[in-house]
Amino acid sequence: MLIGIVGYPDLDYYYRNINIRGCGKTLTMTYYLLMAYLKEKRTIISNYHIKINDKKRIKYMPTDEIVDIILSGKVYNVSVGFDEFQDKMTSLGEKKAKIKFYSKLINQSRKANVDIYYCSPLFKDINNRVREKTNVGLNPIKRHVDDNSICFSDSCERPHYIQVNCFKPIEKVIRYLNPEVIGKYYDTMEIINENDEFDE
């Protein structure tokens, strides 16, 4: 399954005035990866560090290494998390080899029972082929605990919760997350800075 978690899903209803920075995209992805790890007993591979001391089932790798290991057929029944995926699969003029490479990953992941989660500020930042193959689209919204108003700041000091909306295949609120709990499992300031073999 391919799950996209985006700050702005490019739909024409109430999302127009939503903050796309610091709105809970990585937090939402971390929650779903933790659920896959704890409830489904899946191995987790991500391009950012998840703070669980289990080197056998929680693995960090750069994005291209994750893709290589999946395409090699060496992993099965894993959940994968790609933070800042728009840096790899932008909708703006990608090289043909890169598009083919990531399309193959998405096509082959089903055969290895691999669930792929990706984060991006904008859904339209992601290449159209990936958007079309995305099974589930999620849009987290950061809200203030005291009055339920939407928070537009990525440095706000007020207590928050994350409202997770589904926008694909159906539109509905599906979950509320506590950043104080889930935020302990990853570094919110970690920078995803990777070399891209297709740029060489």
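This report concerns the structure included in the present document. The structure presented is a predicted model; accordingly, all values stated were derived computationally and were not measured.

Some words on the overall build of the protein
Check the secondary structure of the protein and you find five helices and eight strands. Taken from the N to the C terminus, the helices and strands of the protein come in the order β-α-β-β-α-β-α-β-α-β-β-β-α. When each of the 200 residues of the protein is scored for burial, the buried share is 50%. A separation threshold of at least 6 residues defines the contact pool for the protein, and within that pool the share at least 24 residues apart is 67%. By element, 49% of the accessible surface of the protein is carried by carbon and sulfur atoms, the whole surface being about 10,600 Å².

Some points on the environment of Ile150
As for its position among the elements, Ile150 is in the loop between strand S6 (136-144) and strand S7 (160-168). Separated by eleven residues in the primary sequence, Ile150 and Tyr161 have C-alpha atoms spaced 9.8 Å apart.

Details of helix H2 (residues 63-71)
Of all the positions in H2, only Thr63, Asp64, Ile66, Val67 and Ile70 are classed as buried. Considered in projection along H2, the buried side chains sweep an arc of 160° and stay on one side of the axis. Just beyond H2, the residue with positive phi is Gly73, at close to 80°.

So, the sheet that holds strand S5 (residues 115-122)
One open sheet holds the eight strands; their spatial order is S3-S2-S4-S5-S1-S6-S7-S8, and the pairing between them is mixed. The sheet is open, and its two borders are formed by strand S3 (58-60) and strand S8 (172-177), each paired with just one other strand. Recorded for the sheet is a direction-independent mean angle of 25° between the axes of neighbouring strands. Bridge analysis of strand S4 (residues 78-82) against S5 gives four bridges, and the strand direction is parallel. Paired with Phe82 across the bridge in S5 is Tyr118. Across the sheet, helix H1 (residues 25-38) is in contact with strand S1 (2-8), strand S2 (43-46), S3, S4, S5, S6, S7 and S8; its angle to S5 comes to roughly 170°. Along the sheet, H2 makes contact with S2 and S4, crossing S4 at roughly 155°.

Here's the deal with the pairing of S1
For S1, the buried fraction is high: seven of the seven residues fall into the buried class. Bridging between S1 and S6 involves three bridges; their strand directions are parallel. Bridge pairing in S6 places Ile3 opposite Val136.

A closer look at the pattern of salt bridges
By the definition in use, this model includes three salt bridges. Across the pair Arg158 and Asp146 runs a salt bridge, and its minimum N-O distance is 2.7 Å. Of this pair, Arg158 sits in the loop between S6 and S7 while Asp146 sits in the loop between S6 and S7, placing them twelve residues apart in sequence. Exposure remark for Asp146: the relative accessible area of 59% places this residue in the exposed category. What you see here is one network of salt bridges that share partners, running through Asp146, Asp147 and Arg158.

A few points about the packing of aromatic side chains
The description of two aromatic rings rests on the distance between their centres and on the angle between their planes. Evaluation of the coordinates by the stated rule reveals seven aromatic pairs. Ring centres of Tyr48 and Tyr186 lie 6.2 Å apart, and the angle between their planes is 80°; this geometry places the pair in the edge-to-face category. You can see Tyr48 sitting in the loop between S2 and S3 and its partner Tyr186 sitting in the segment after helix H5 (179-182), a full 138 residues away along the chain. Its relative accessible area of 8% is what places Tyr186 among the buried residues. What links up through ring pairs into an aromatic cluster is the set Tyr31, Tyr32 and Tyr117.

Definitions and cut-offs
Residues numbered from 1 in each chain as written. Predicted model: local features only at pLDDT ≥ 70, side-chain atom pairs only at ≥ 80, totals over all residues. Heavy atoms only, no water. Helix = DSSP H or I, 4+ residues; strand = E, 2+ residues; numbered from the N terminus. Buried < 20%, exposed > 50% of the residue type's maximum accessible area, 1.4 Å probe, protein only. Contact = heavy atoms within 4.5 Å. Areas by Shrake-Rupley, 256 points an atom, 1.4 Å probe, with all protein chains shown as cover. Arc of directions from axis to C-beta. Pairing = 2+ DSSP bridges. Axes fitted to C-alpha atoms, helices over the stretch in contact; angles between N-to-C directions. Salt bridge = Lys/Arg side-chain N within 4 Å of Asp/Glu carboxyl O. Phe/Tyr/Trp six-rings, centres within 6.5 Å; stacked < 30°, edge-to-face > 60°.

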